[in-house]
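Structural characterization, general
Each chain, letter by letter, is given below.
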Amino acid sequence: MNGFVGEFLIFRGAFPLVTWATALSALGLLLTAVFILTILQRVFYGPLNQSWSKMPDLTLKERLALFPAIALMFVLGVCPQLVLGVINSTVVQMVKERTF
């Protein structure tokens, strides 16, 4: 979810400028996503190595320590405007000051 917001904003901004290149890039992004998901599936859902079979699952304390980071990723993935609204004025000012 974190990467999707940035990718969406990039494609949204680039599409009106260079439609054909943006479409080609979107196709490349789709192929990359398929590749990464395939690799993740093989790594995490492949056969279990017997040397790792005795390793315990996360304890409650470990899960509670990870919960804030997971919650933040989920919230920013669903509503990125919480951060974008804060940094937007600074970014607009930086773009205005730069001469292209």
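To start, this report covers the structure provided alongside it. (Residues numbered from 1 in each chain as written. Predicted model: local features only at pLDDT ≥ 70, side-chain atom pairs only at ≥ 80, totals over all residues. Heavy atoms only, no water.)

1. Section: the overall build of the chain
- When you go through the chain residue by residue, the secondary structure sums to four helices and zero strands.
- N-terminal to C-terminal, the α/β element order of the chain is α-α-α-α.
- For 100 residues, the compact-globule formula gives about 13 Å, and the C-alpha radius of gyration of the chain, at 20 Å, lies well above that figure.
- C-alpha atoms of the chain, sized along the principal axes, occupy 60 × 35 × 20 Å.
- By residue count, 3% of the 100 residues in the chain fall in the buried class. (Helix = DSSP H or I, 4+ residues; strand = E, 2+ residues; numbered from the N terminus. Rg over C-alpha atoms; globule rule 2.2 N^0.38 Å. Buried < 20%, exposed > 50% of the residue type's maximum accessible area, 1.4 Å probe, protein only.)

2. A few points about the layout of surface pockets
- Of the pockets and cavities examined, the largest pocket occupies roughly 240 Å³.
- Around the largest pocket, the lining residues are Leu 9, Gln 81, Leu 84, Ile 87, Asn 88, Val 91 and Val 92.
- Here the residues of the lining of the largest pocket sort into five nonpolar, two polar and no charged. (1 Å grid on protein atoms, 1.4 Å probe; cavity = no way out; pocket = protein on both sides within 12 Å on 5 of 7 lines; lining within 4 Å. Points joined across faces, edges and corners; volume = space filled by probe spheres on them. Nonpolar A, V, L, I, M, F, W, Y, C, P; charged D, E, K, R; others polar.)

3. Some points on the side chain of Thr 22
- Mapped onto the elements, Thr 22 comes out in helix H2 (residues 19-45).
- By relative accessible area, which is 7% here, Thr 22 ends up buried.

None of the figures reported here should be taken as evidence of function without further support.
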